[in-house]
Amino acid sequence: FWQHFNNEMREQFNEVAYNAWFKNTRPLSFDKNSHELVIAVQNPVTKGYWEKNLASQLIQSAYGYAGMEILPTFQIEGEAGPERFFNSTPHQEEKPTPAPSPRDEFTKDLRLNDKYTFDNFVQGEGNKLAAGAALAVADSPGSFYNPLFIFGGVGLGKTHLMQAIGHQMLAERPHAKVVYIQSETFVNDFINSIKNKTQDQFREKYRTCDLLLVDDIQFFAKKEGIQEEFFHTFETLYNDQKQIVMTSDRLPTEIPDLSERLVSRFTWGLQVEITPPDLETRIAILQKKAEGEGLSIDDNTLDYIASQVDTNIRELEGALVKVQAHATIERQDINVTLAREALVDLKLVQKTRGLQISKIQEVVANYFQTSTAELKGKKRVRQIVVPRQIAMYLARELTDSSLPKIGQEFGGKDHTTVMHACDKIQQQIKTDAEIKTAVFDLKQMLDR
Ligand code: ADP
Ligand code: MG
């Protein structure tokens, strides 16, 4: 029946996630009297995931398929004595966080956000592929997916997942050398190391680590020397089977001015996208945050808040904070009415944003003597393509809308199309006087 369950799950999960949860998980013993089925898992994350998400399915499957009643308990490989899953209260108490062990010299400067752990990461449709890959990497660094490249829009959890890998690795190997940086930090460190003649230390830091996490690599400087340096860093780590993880708002091939050989290296491993969360996931995330804050909020209200913010999880968190603040000021309990009051201005902002994009389309269409329908359409002739790209560029520049949101407003185009348009116009402003003038004029008109 174990095999049967595995096969069932193989269909439910993608390969990455399946490997993360099932590859090193196996039944150890079954007690006919107590029905206890002891299952060995690789690490605490896998254990947590099984307890939360898979145990009940396993029970059902065992009963349905083999008529067996089982009580699964989980034992981390190499640790003695299983904790009894069913003895734990339904609302599990938070484990006391162990006092941080003294950091090694190497990681003493490491700044990871304590909250960005796997435990705090809610999995859903848009991110489960990335989360599965991140877990697999944390589990067996340097072996499966190297480099791991996580990409997607703003506020969707890229940094969170990346840092979770760092936390997990340090939890398992406290002396591991972990480096987390924004891509600009690499650039600054490198320039400083040349200035101060400390290149040896620079290389020591970056070329001997066990895990290199580079956040927002799309901002990587265009300068030759820096890309060259990063290339050698990459090669050294890669050849030593050290894990490299990068995040970006776009695919490596879409990062302008990234050298060919870096693009090619970045695509050696696995590239996974995080897409905006669906309503269900947004509710789950809010629920988790609310619990973390010790707030009790009923389902209707959670549902309401989650429906107000649809693309960016940071904004979703912001909405919850607003509601909470409003409740405190008004000395009222949190309910739908209160949430609605608290979020009126949020709605207003969203409305003007929506208006702004349509306004931009209108003004651009007028300026180029075409129609908004053409801008939203698919025609690929130059007279339409250029205005369309300019309108997308302006939408990006002048509103807070995310790339997917802009894509939506332009007849449901992919966010990569929008990104491409923005990059293209940005380039052309520098080289093409006509485009430069048009953008300038349009901005003036929109300013009025
Ligand atoms: P990005 O790096 O993609 O811009 P972040 O990782 O900074 O996004 O995430 C923005 C905020 O949303 C963070 O506070 C993060 O903890 C939270 N967040 C994102 N995804 C999730 C998730 N799946 N579960 C819980 N919190 C999340
Ligand atoms: Mg980030």
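Structure: see above.
All values reported here derive from a predicted model rather than from experimental measurement.

Rules behind the numbers
Residues numbered from 1 in each chain as written. Chains lettered and ligands numbered in written order. Predicted model: local features only at pLDDT ≥ 70, side-chain atom pairs only at ≥ 80, totals over all residues. Heavy atoms only, no water. Pairing = 2+ DSSP bridges. Helix = DSSP H or I, 4+ residues; strand = E, 2+ residues; numbered from the N terminus. Axes fitted to C-alpha atoms, helices over the stretch in contact; angles between N-to-C directions. Contact = heavy atoms within 4.5 Å. Buried < 20%, exposed > 50% of the residue type's maximum accessible area, 1.4 Å probe, protein only. Near = heavy atom within 4 Å. Polar contact = N/O pair within 3.5 Å; in protein donor to acceptor, adjacent residues only side chain to side chain. Areas by Shrake-Rupley, 256 points an atom, 1.4 Å probe, with all protein chains shown as cover. Nonpolar A, V, L, I, M, F, W, Y, C, P; charged D, E, K, R; others polar. Core = buried A, V, L, I, M, F, W, Y, C linked by side-chain atoms within 4.5 Å.

*Asks:* Residues and numbers for the sheet that holds strand S3 (residues 71-76), please.
*Replies:* Sheet strands pair via backbone hydrogen bonds, and the direction of the pair is either parallel or antiparallel. On the basis of which strands lie adjacent, the open sheet formed by three strands has the order S1-S2-S3 and mixed pairing. Two strands in the sheet have a free side with no partner beyond their single neighbour: strand S1 (26-30) and S3. Each strand axis lies, on average, 30° off the axis of its neighbour in the sheet, ignoring direction. Where S1 meets strand S2 (residues 36-41), four bridges bridge the pair, whose relative direction is antiparallel. Across the sheet, the residue bridging to Ser29 is Val38, located in S2. This element, helix H3 (residues 44-66), spans S2 and S3 of the sheet and lies at about 165° to S3.

*Asks:* Before we move on, can you summarise the pairing of strand S6 (residues 211-215) with the specific residues and values?
*Replies:* Remember that side chains alternate between the two faces of the sheet whenever the strand is regular. With five of its five residues buried, S6 lies for the most part within the structure. Here S6 shows two buried faces, one formed by Leu211, Leu213 and Asp215 and the other by Leu212 and Val214. Looking at chain direction, strand S5 (residues 178-182) and S6 are connected through five bridges and run parallel. For Val178, the partnering residue across the bridge sits in S6 and is Leu211. In this sheet, strand S7 (residues 243-248) lies alongside S6 in parallel orientation, the contact comprising four bridges. When the sheet's bridge partners are listed, Leu211 is paired in S7 with Gln243.

*Asks:* Would you mind going over the site of ligand 1 in detail, with residue names and values included?
*Replies:* Contacts to ligand 1 come from 18 residues, most closely from Val122, Gly155, Thr159, His160 and Arg314. At a separation of 2.7 Å, a nitrogen atom of ligand 1 approaches a polar backbone atom of Val122. One of the side-chain nitrogen or oxygen atoms of Thr159 is found 2.8 Å away from an oxygen atom of ligand 1. Taking 550 Å² as the accessible area of ligand 1 by itself, protein coverage stands at 94%. At the level of elements, helix H5 (158-172), helix H10 (279-292) and helix H12 (313-330) are the ones that each hand at least two residues to the shell around ligand 1. Residue classes in the shell around ligand 1 are distributed as seven nonpolar, seven polar and four charged.

*Asks:* Help me get a handle on the side chain of Thr247, residues and values and all.
*Replies:* Within the fold, Thr247 resides in strand S7. Residue Thr247 is classed as buried on the basis of its relative accessible area, which comes to 0%. Within the local environment of Thr247, its side chain forms a polar contact with the side chain of Asp215, the two groups lying 2.4 Å apart. Beyond its immediate stretch of four places on either side in the chain, Thr247 contacts Ile150, Lys158, Met162, Val214, Asp215, Asp216, Ile217 and Gln218.

*Asks:* So what's going on with the nonpolar core? Which residues, and what values?
*Replies:* The nonpolar side chains of a soluble globular protein tend to be buried, and buried together. Ranked by internal contacts, the top residues of the largest apolar core, which has 53 residues, are Trp21 and Trp50. Among the elements that line this core, the one with the most residues is helix H4 (residues 128-139), at eight residues. When sequence neighbours within four positions are dropped, the list of residues in contact with Trp21 reads Phe13, Val45, Thr46, Tyr49, Trp50, Leu54, Gln123 and Leu135.

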